[in-house]
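Single-letter residue listing:
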Amino acid sequence: MIEISSKDTLYMYNLYHITKAFFPNAEIRQQVDEGQEPLVRLKLEGGSCFCIEEGEIKEFTDRQDGKRFVTKKVYDWLSQKTGRTLAWGMLTGVRPTKLVMQKIEAGMDREEIIKFLSEDYGVSDGKALLGWEIAQREKALLEQLDYVDGYSLYVGIPFCPSICSYCSFSSSPLEKWKDHMDSYLDALCREITAIGKAASGKKLNTIYIGGGTPTTLEAYQLERLLGTIDAVFSYEDLKEFTVEAGRPDSITREKLEVISRYPVTRISINPQTMQQKTLDAVGRRHTVQDVKDVFQLARSLGFDNINMDLIAGLPGEDAADMQDTLRQIEELAPDSLTVHALAIKRAAKFGQERKEINLHSGIEQMVRDGADAAERMGLVPYYLYRQKNIAGNFENVGYAKVDKAGIYNILIMEEKQTILAAGAGASTKIVLPEKIQMANGKKTNLVRIENVKDITEYLSRIDEMIERKGEWLWR
């Protein structure tokens, strides 16, 4: 048992996640005790203890500066005790490139940014350089968009053929909801139509249909969904239209033919791994050959921008397994590749079963091999994000051919353009031109409006979901 205590809740989030990154399988107990003598106390299994006194932060007039100081002190101590450093240092946020983008916009050059990330946050030079390279590419892509009058559309299909054991997304097994899919589409199309009316006169830049697995819809249901979008929105300013086809066991020729009849520019076919033993173990009901067959089918139907997702660090896999997976992916030659480092959250089956997974073993090699394979395929890194409890404190990186980068993926990370979202569990992000003060006293120019995750509630409360967005749209 590792114990973390503090006089102030301000420090607890960072300290928990930094400690968890060093000790991924440890049980951690947290306590806020305003009466304790040190500002922060950290006690490891075995008795090693580290404290920070309140007087050490007196020089910091800004509480956030004090929090960074405390986090860095704890990070440095844990690094010394374990003999390890973390690739992203003490950064706990999911969007490192957002920090880099801010520094670029403030006029910092590459060397200054790498030095800043290394000295202030303990980020390795390699990861700092990666963050800078990706931020530069993101900046160039985002300059094509209209932040004032432009927006993006997300449509969520929260169903999957089966639920993978590592998954914590808001998705439900198709078997349970198959008889309610048309009812879900009724509500979803109502919400899409309402969004289209509210956004009339604005410029739609990107569309992303995700999930879940959108191709759990039958062909006629996909036709209805895409037809509704087609009827409601203008494509005059559209730069990208993605359908995350996802699971190979949900994709058919008929469904791909439906998608091909609309101005969809990008699809995903996501194997996660090309090791059959792993697919079986994590609950994916398709074979390695299914992945290859579906990919070739999509190519034969004219899809020229296909993304594939892989996960480094799946249980039971080592670097040799990842290398074999990458070899098979290279033979298919996708237009973009996203390499995720495994993140096990409490909501996932693995997390609920409290299975111990060595989140450091082989991960660094797998991530490096993924980057090397992408380079051999002529794919360059264009977006990056991180997750809580991510394996080895690494990252998820999207690689793509120069003209095939996923613009929506960047937008969801950088939060510079309004994203209107429809569907159960979908999250609308409205970017306002100026900061406003919220009910909690916080000032922000980013307003989040969450749809309910429960599908039954979404169906019964669809009018409420529509109305909540309408209060904020285009103020």
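Here, every reference points to the structure presented above.
So, a few notes on the structure that sits alongside this text. (Residues numbered from 1 in each chain as written. Predicted model: local features only at pLDDT ≥ 70, side-chain atom pairs only at ≥ 80, totals over all residues. Heavy atoms only, no water.)

### Quick word on the sheet that holds strand E4 (residues 49–52)
Item 1. Taken in spatial order, the four strands make up an open sheet running E2-E1-E3-E4, and their pairing is mixed. Each edge of the open sheet carries a strand with a single partner, namely strand E2 (28–32) and E4. Averaged over neighbouring strand pairs, the angle between their axes works out to 10 degrees when direction is ignored.
Item 2. Relative to E4, strand E3 (residues 40–43) is paired through four bridges, and the arrangement is antiparallel. The residue bridging leucine 42 from the neighbouring strand is phenylalanine 50, located in E4. (Pairing = 2+ DSSP bridges. Helix = DSSP H or I, 4+ residues; strand = E, 2+ residues; numbered from the N terminus. Axes fitted to C-alpha atoms, helices over the stretch in contact; angles between N-to-C directions.)

### Looking at helix H12 (residues 319–332)
Item 1. Compared with the 20 Å implied by 1.5 Å per residue over 14 residues, the 20 Å span of H12 between its first and last C-alpha is a close match.
Item 2. All buried positions along H12 are accounted for by Ala319, Asp321, Met322, Thr325, Leu326, Gln328, Ile329 and Leu332.
Item 3. Buried residues belonging to H12 abut helix H10 (276–282), helix H11 (288–300), strand E11 (306–312), strand E12 (336–341) and helix H14 (363–376).
Item 4. Structurally, the start of H12 carries an N-cap: the backbone nitrogen of alanine 320 is 3.1 Å from a side-chain oxygen of aspartate 318.
Item 5. Positioned one or two residues after H12, alanine 333 has a phi angle of 60 degrees, which is positive. (Expected span 1.5 Å × (residues − 1). Buried < 20%, exposed > 50% of the residue type's maximum accessible area, 1.4 Å probe, protein only. Contact = heavy atoms within 4.5 Å. Polar contact = N/O pair within 3.5 Å; in protein donor to acceptor, adjacent residues only side chain to side chain.)

### Points about the nonpolar core
Item 1. Core analysis: the largest hydrophobic core is formed by 126 residues, its most contacted members being Leu117, Leu188, Ile209, Leu225, Ile267 and Tyr458.
Item 2. Looking at this core, the element that brings in the most residues is helix H7 (residues 181–198), giving eight residues.
Item 3. Counting residues in each nonpolar core, the second largest holds 19 residues, with Met101, Leu145, Tyr208 and Tyr385 among its members. (Core = buried A, V, L, I, M, F, W, Y, C linked by side-chain atoms within 4.5 Å.)

### Observations regarding the pairing of strand E9 (residues 240–246)
Item 1. Taking burial as the measure, the seven residues of E9 include seven buried ones, the bulk of the element.
Item 2. Neither face of E9 is exposed, since Glu240, Thr242, Glu244 and Gly246 on one face and Phe241, Val243 and Ala245 on the opposite face are all buried.
Item 3. Of the pairings in the sheet, the one linking strand E8 (residues 203–211) to E9 comprises four bridges and is parallel in character. In the strand pairing of E9, tyrosine 208 is matched with threonine 242.
Item 4. Traced from E8 through helix H8 (residues 219–232) to E9, the parallel crossover comes out right-handed.
Item 5. Pairing analysis gives three bridges linking E9 to strand E10 (residues 266–269), with the strands arranged parallel. Note on E10: the bridge partner recorded for valine 243 is isoleucine 267.
Item 6. On the question of chirality, the crossover connecting E9 to the parallel E10 by way of helix H9 (residues 253–260) is right-handed. (Right-handed = clockwise from strand over helix to strand, strands pointing away.)

### With respect to unusual backbone geometry
Item 1. Following glycine 211, the chain continues into glycine 212 via a peptide bond in cis, with omega recorded as 20 degrees.
Item 2. Checked against the element boundaries, glycine 212 lands in the loop between E8 and H8.
Item 3. Of note in this structure, glutamine 272 is not a glycine but carries a positive phi near 70 degrees.
Item 4. Here glutamine 272 lies in the loop between E10 and H10.
Item 5. By relative accessible area, which is 12% here, glutamine 272 ends up buried.
Item 6. Of note in the backbone geometry, alanine 333 takes a positive phi value of approximately 60 degrees without being a glycine.
Item 7. Accessibility expressed as a relative area gives 34% for alanine 333, which makes it partly exposed.

### A few points about the environment of alanine 312
Item 1. Here alanine 312 shows up in strand E11.
Item 2. Residues alanine 312 and glycine 398, 86 residues apart in the sequence, show an inter-C-alpha distance of 13 Å.
Item 3. For alanine 312, the contacting residues outside a window of four places in its chain are Met322, His340, Ala341, Leu342, Ile363 and Met366.

### Quick look at the pairing of E12
Item 1. Among the six residues in E12, six count as buried, and that is most of the element.
Item 2. Neither face of E12 is left uncovered, since the one carrying Ser336, Thr338 and His340 and the one carrying Leu337, Val339 and Ala341 both have all their residues buried.
Item 3. As paired strands, E11 and E12 are joined by six bridges and run parallel to one another. The partner of alanine 312 across the bridge, within E12, is alanine 341.
Item 4. On the question of chirality, the crossover connecting E11 to the parallel E12 by way of H12 is right-handed.
Item 5. Bridging between E12 and strand E14 (residues 396–400) involves four bridges; their strand directions are antiparallel. Pairing of leucine 337 across the sheet is with tyrosine 399, part of E14.

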